[in-house]
Amino acid sequence: MTRDINMVDLKGQYRALQSEIDAAVLEVVRSAYFIGGPKVQAFKENLGDYLGVKHVIPCANGTDALQIALMALGLQPGDEVIVPAFTYVATAEVIGLLNLTPVMCDVDADTFNVTADLIEPHISEKTKAIVPVHLYGQSSDMEAITALAKNHNLHVVEDNAQAIGADYTFADGRKKKTGGIGHIGCTSFYPSKNLGAYGDGGAIFTNDDDLAKMLQKTANHGQSKRYYHDVLGVNSRLDAIQAAVLDIKLKHLDSYHAARQKAAAHYDKCFGDTPELQTPVRAKNSSHVFHQYTLRVKNGQRDDLKTYLQENGIPSMIYYPVPLYKQEAYKKYWNGKELPATEKLSDEVISLPMHTELDGETLDFICEKVNEFFRK
Ligand SMILES: *Cc1c(COP(=O)(O)O)cnc(C)c1O
C-alpha cells in the first residue's frame, strides 16, 4: 500500500478550483496589472467585509505586516513589547529589528496562548505594546487582553497569521473575527496558511482611520503622495497574481475551516482514550480554525512518536522545538528565568497532518499508527 500523506495538500486544493484559478491568473497576466490594480482592490474590499474591519492594507508577507504595524505605532528604541515565548520567530524578530525590546511571556499550557494574567507581571514603565499570537488557529483571550492594555495605555497588535477567520466571542455575546479586535491585526498568506497564496503575501488590519493612513504610508516608502516622503517606510506590496488567487480562495475559506474542523474532530475521537496524549483544548471564547492540529505527548516519548510516524510514511512537525529565549539571537533579551509552560510545550507538542483534503481513510491510518505506537 502506498499512501502519499502530507502536512498540507496544496495540489489537491488547487485541483478543486483549477479552472477558476487558472482563468483569474491568466486575466492578470493579460491585463499586465501586476502591481496594484483591480484584483488587489477587490481582494482588499472582500477581505475587509469578511473580517468586519474597516481598513485592509495588503503587504508582501506576514513578517512585514508585523514590522509595518510596529513602525506605524511610532515606538522609540528601548520601548518594550510583550510577546509570547512560544511562537514563530517572526513575532519577536521584527521587534528586535526596530531596536525595541521583546519581553517574552509564558503561555497557557492548554490553549498555547498568552493570557492577561500571564502578561500583567511583565508590564513596566517602558512597555508600549502587546503582540498576542493566536497560535494554531484559535484566539487569545482578547477581551481580557484589550482591557489590560487599555488600563496601561498599551497598543495591541494581533499576530493573526495562524487564525484568520476565527471568531472570538465577548462576554456580552458579541462576536468578532480575530485580527480586528486589537488596534492592529496582522496576517500572512504564506501558501500553507489557512488562506494561502501561490507565493508570499500578507495584510494588516485596523478600524482606526489615522492608523490606517500611517500603515498605508509606511508600507509604501513613507509616502502619502507620490515622491513626497513624510516618514521612513518600507516597500511591501501584495502582487496582483496573489490577490487574484486569494480572492477566489477567500470565498472558500469557511468551507476550508469546516474541512479542518471535521478532520480535527476525527483525530479527537481517535485519541480520546489514549492516556499519553492531550488533544487540543478548545479556548472558552474562540472558535478553532485548526491551522495546526497539535497534540501534547505527556509521557516523554514525543520524539520517538515522530520517528515512528516517519517510518510509517506519516509526516509530523514540531512547532516549536526551542523556546524563543533559548535561541542564539534572542538570549540577550532573556532574564534567565525559564517559563514553565513554554519549556514543557517545547518538549511535548507534535502537529499532525492538517489540511482541507484529508479523507476519512487517511485519518484512520494516521490515528491507527499513532495509537499503535503507544500500545506496542
Ligand atoms: C507564518 C507566520 C508569520 C510570518 O509570516 P510570513 O508570511 O512567513 O512572513 C508570523 N507569525 C506567525 C505566528 C506565523 O505563523
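As the structure is a prediction and not an experimental result, all values here were calculated from the model.

K.L.:
Teacher, can you tell me more about the overall build of the protein chain here?
P.N.:
Counting its regular elements, the protein chain contains 12 helices and 14 strands. Its C-alpha atoms give the protein chain a radius of gyration of 21 Å, near enough to 21 Å, the size a compact globule of 376 residues would have. With the principal axes as the frame, the protein chain shows a C-alpha extent of 70 × 55 × 45 Å. Of the contacts formed within the protein chain by residues at least 6 apart in sequence, a portion of 73% connects residues at least 24 apart. Put simply, the protein chain shows about 16800 Å² of open surface, and 49% of that area lies on carbon and sulfur atoms. Considering the protein chain, the positive charge centre built from 39 side chains and the negative charge centre built from 48 side chains are found 3 Å apart.

K.L.:
Just to check I follow, could you spell out the pattern of salt bridges for this structure?
P.N.:
All chains considered together, the criterion is met by 15 salt bridges. Of the charged contacts in the structure, one is a salt bridge between K251 and E20, with a shortest N-O distance of 3.0 Å. Residue K251 is located in helix α9 (residues 240–271), and its partner E20 is located in helix α2 (residues 18–31); the two are separated by 231 residues in the primary sequence. Exposure remark for K251: the relative accessible area of 61% places this residue in the exposed category. The salt bridge partner of K331 is E328, with a shortest N-O separation of 3.1 Å. Classification of E328 by relative accessible area gives exposed; the value is 64%. When salt bridges that share partners are traced, they join D110, R296 and E348 into one network.

K.L.:
Please explain the sheet that holds strand β2 (residues 80–84) as it appears in this structure.
P.N.:
Strand order across the open sheet formed by 7 strands is β1-β9-β8-β5-β4-β2-β3, with mixed pairing between neighbours. What marks the edges here is a single partner per strand, and that holds for β1 (55–59) and β3 (101–105). Within this sheet the neighbouring strands show an average axis-to-axis angle of 25 degrees, counted without direction. With 2 bridges joining them, strand β4 (residues 127–130) and strand β5 (residues 155–159) adopt parallel strand pairing. Residue I130 lies in a different strand from β5, and its bridge partner there is V156.

K.L.:
Which parts of the structure should I look at to understand the site of the ligand?
P.N.:
Taken together, N61, G62, T63, Y88, A90, V133, D159, A161, Q162, S188 and K193 make up the full set of residues adjacent to the ligand. One of the side-chain nitrogen or oxygen atoms of N61 is found 3.5 Å away from an oxygen atom of the ligand. Between the ligand and K193, the relevant distance is 3.1 Å, taken from an oxygen atom to a side-chain nitrogen or oxygen of the residue. Isolated, the ligand exposes 380 Å² of accessible area, and the fraction of that covered by the protein chains is 91%. The residue inventory of the shell around the ligand, partitioned by class, reads 4 nonpolar, 5 polar and 2 charged.

K.L.:
Explain the nonpolar core to me, please; I cannot follow it from the model alone.
P.N.:
As a rule of thumb, nonpolar side chains are buried together in soluble globular proteins. Grouped together as the largest cluster of nonpolar side chains are 52 residues, with contacts concentrated most on I119, Y267, F271, Y293, L352 and V370. Listed by contribution, the elements that provide at least two residues to this core are β3, α6 (116–119), α7 (142–151), α9, β13 (293–297), α10 (302–311), β14 (349–352) and α12 (360–375). When residues in this core are grouped by element, the largest group, 7 residues, is from α12. Looking at which domains feed residues into this core, each of domain 1 (10–250) and domain 2 (253–375) gives three or more. Among residues more than four places away in sequence, those in contact with Y267 are Y293, L352, P353, M354, L358, L363, I366 and C367.

K.L.:
Any chance you could explain helix α3 (residues 38–51) here in plain terms?
P.N.:
Since the α-helix advances by 3.6 residues per turn, residues separated by three or four positions end up pointing in the same direction. For α3, spanning 14 residues, the distance from its first C-alpha to its last is 20 Å, which sits close to the expected 20 Å at 1.5 Å a residue. For α3, every residue scored as buried is listed here: V40, F43, L47, G48, Y50 and L51. One face of α3 carries all of its buried residues, which in axial projection span an arc of 160 degrees. Turned more than 90 degrees away from the buried face of α3, the exposed residues are P38 and D49. The elements touched by buried residues of α3 are β1, β7 (175–177), β9 (202–206) and α9.

K.L.:
Sorry, what's going on with the pairing of β1 here?
P.N.:
The two faces of the sheet receive side chains in turn, since in a regular strand these alternate between them. Counted residue by residue, β1 has 4 buried out of 5 residues, so it is predominantly covered. Where β1 and β9 come together, 5 bridges link them in antiparallel fashion. Directly across from H55, in β9, lies its bridge partner T206.

K.L.:
Just to check I follow, could you spell out unusual backbone geometry for this structure?
P.N.:
A negative phi holds for most residues other than glycine; trans holds for most peptide bonds. For the peptide bond that leads from Y319 to Y320, omega is 10 degrees, which places it in the cis range. Position of Y320 among the secondary structure elements: in the loop between α10 and α11 (340–348). Unlike most non-glycine residues, Y136 shows phi in positive territory, near 65 degrees. With respect to the helices and strands, the residue Y136 is situated in the loop between β4 and α7. Of note in this structure, F290 is not a glycine but carries a positive phi near 45 degrees. Checked against the element boundaries, F290 lands in the loop between β12 (277–278) and β13.

K.L.:
Before we go on, may I ask you to explain the domain arrangement of the protein chain in this structure?
P.N.:
Interfaces are often sized by the amount of accessible area the parts lose when they come together. On domain assignment, one finds that the protein chain holds domain 1 (10–250) and domain 2 (253–375). Listed as interface residues are 45 residues of domain 1 and, on the opposing side, 35 residues of domain 2. When the area that domain 1 buries against domain 2 is broken down by residue, the three leading residues are M104, Y136 and N194, summing to 20%. A salt bridge links D110 to R296; the shortest N-O distance between them is 3.8 Å. Run the count over domain 1 and domain 2 and you get 24 residue pairs in polar contact (both at pLDDT 80 or more). Looking at the side of domain 1 that touches domain 2, the elements that each hand over two or more residues are α1 (10–16), α5 (90–97), β3, β6 (167–169) and α9. Among the elements that line the side of domain 1 that touches domain 2, the one with the most residues is β3, at 4 residues.

The rules behind each value
Residues numbered from 1 in each chain as written. Predicted model: local features only at pLDDT ≥ 70, side-chain atom pairs only at ≥ 80, totals over all residues. Heavy atoms only, no water. Helix = DSSP H or I, 4+ residues; strand = E, 2+ residues; numbered from the N terminus. Rg over C-alpha atoms; globule rule 2.2 N^0.38 Å. Contact = heavy atoms within 4.5 Å. Areas by Shrake-Rupley, 256 points an atom, 1.4 Å probe, with all protein chains shown as cover. Lys, Arg positive; Asp, Glu negative; His and termini not counted. Charge placed at Lys NZ, Arg CZ, Asp CG, Glu CD. Salt bridge = Lys/Arg side-chain N within 4 Å of Asp/Glu carboxyl O. Buried < 20%, exposed > 50% of the residue type's maximum accessible area, 1.4 Å probe, protein only. Pairing = 2+ DSSP bridges. Axes fitted to C-alpha atoms, helices over the stretch in contact; angles between N-to-C directions. Near = heavy atom within 4 Å. Polar contact = N/O pair within 3.5 Å; in protein donor to acceptor, adjacent residues only side chain to side chain. Nonpolar A, V, L, I, M, F, W, Y, C, P; charged D, E, K, R; others polar. Core = buried A, V, L, I, M, F, W, Y, C linked by side-chain atoms within 4.5 Å. Domains from an automatic or database assignment. Expected span 1.5 Å × (residues − 1). Arc of directions from axis to C-beta. Buried area = accessible area lost by both parts, 1.4 Å probe.

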